[in-house]
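The lines below spell out each chain.
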Amino acid sequence: MRDNGTGIPPEFREKLFQPFFTTKPTGEGTGLGLSISWDIVTQQHGGSIAVDSEVGQFTEFTVCLPRQGQAARSSG
């Protein structure tokens, strides 16, 4: 999904998924949202999260999850 916001400067992109990283003032954000999301997608599901951004233009996150066969079929 791509937004039309202010974008993310390159020096912040490398830190986005680190626990407790935030650009908000002290006390206004924990910096855990993207870190927890990264852990769930990559560690628990074997997927990936990528970010593309251009300052002043957009930010786009791409989440990829591996396909693991077909959904279970019910018998009966």
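Before reading further, recall that the structure is shown in the block above.
Residues numbered from 1 in each chain as written. Predicted model: local features only at pLDDT ≥ 70, side-chain atom pairs only at ≥ 80, totals over all residues. Heavy atoms only, no water.

Peer 1: What is the right way to look at the overall build of the protein chain in this model?
Peer 2: On a plain count of helices and strands, the protein chain comes out with two helices and two strands. Tracing the protein chain from N to C terminus, the helices and strands come up as α-α-β-β. Among the 76 residues that make up the protein chain, the fraction classed as buried is 18%. Long-range pairs, those at least 24 residues apart, make up 44% of the contacts in the protein chain with a sequence separation of at least 6. Per element, the accessible surface of the protein chain, about 6,100 Å² overall, is 52% carbon and sulfur. (Helix = DSSP H or I, 4+ residues; strand = E, 2+ residues; numbered from the N terminus. Buried < 20%, exposed > 50% of the residue type's maximum accessible area, 1.4 Å probe, protein only. Contact = heavy atoms within 4.5 Å. Areas by Shrake-Rupley, 256 points an atom, 1.4 Å probe, with all protein chains shown as cover.)

Peer 1: Explanation requested: the pattern of salt bridges in the structure shown.
Peer 2: Side chains carrying opposite charge are able to pair once their charged atoms draw close together. Under the definition given, this model contains one salt bridge. The partner of Glu60 in a salt bridge is Arg2, with the nearest N and O atoms 3.6 Å apart. Here Arg2 lies in the segment before α1 (10-13) and Glu60 lies in strand β2 (residues 58-64), a separation of 58 residues in the sequence. Glu60 sits in the partly exposed class, given a relative accessible area of 24%. (Salt bridge = Lys/Arg side-chain N within 4 Å of Asp/Glu carboxyl O.)

Peer 1: What is the right way to look at the nonpolar core in this model?
Peer 2: Taken as a class, soluble globular proteins show a tendency for nonpolar side chains to be buried jointly. By size, the foremost hydrophobic cluster in this structure holds six residues: Ile8, Leu16, Phe17, Phe21, Val41 and Ile49. Each residue touching Phe21, except ones within four places of it in the same chain, is listed here: Phe12, Lys15, Leu16 and Gly31. (Core = buried A, V, L, I, M, F, W, Y, C linked by side-chain atoms within 4.5 Å.)

Peer 1: Any chance you could explain the pairing of β2 here in plain terms?
Peer 2: Successive residues of a regular strand alternate their side chains across the two faces of the sheet. Relative to β2, strand β1 (residues 48-54) is paired through seven bridges, and the arrangement is antiparallel. In the strand pairing of β2, Ser48 is matched with Cys64. Where β1 folds back on β2, the antiparallel hairpin that results is connected by three residues, among which Gly56 adopts a positive phi of roughly 85°. (Pairing = 2+ DSSP bridges.)

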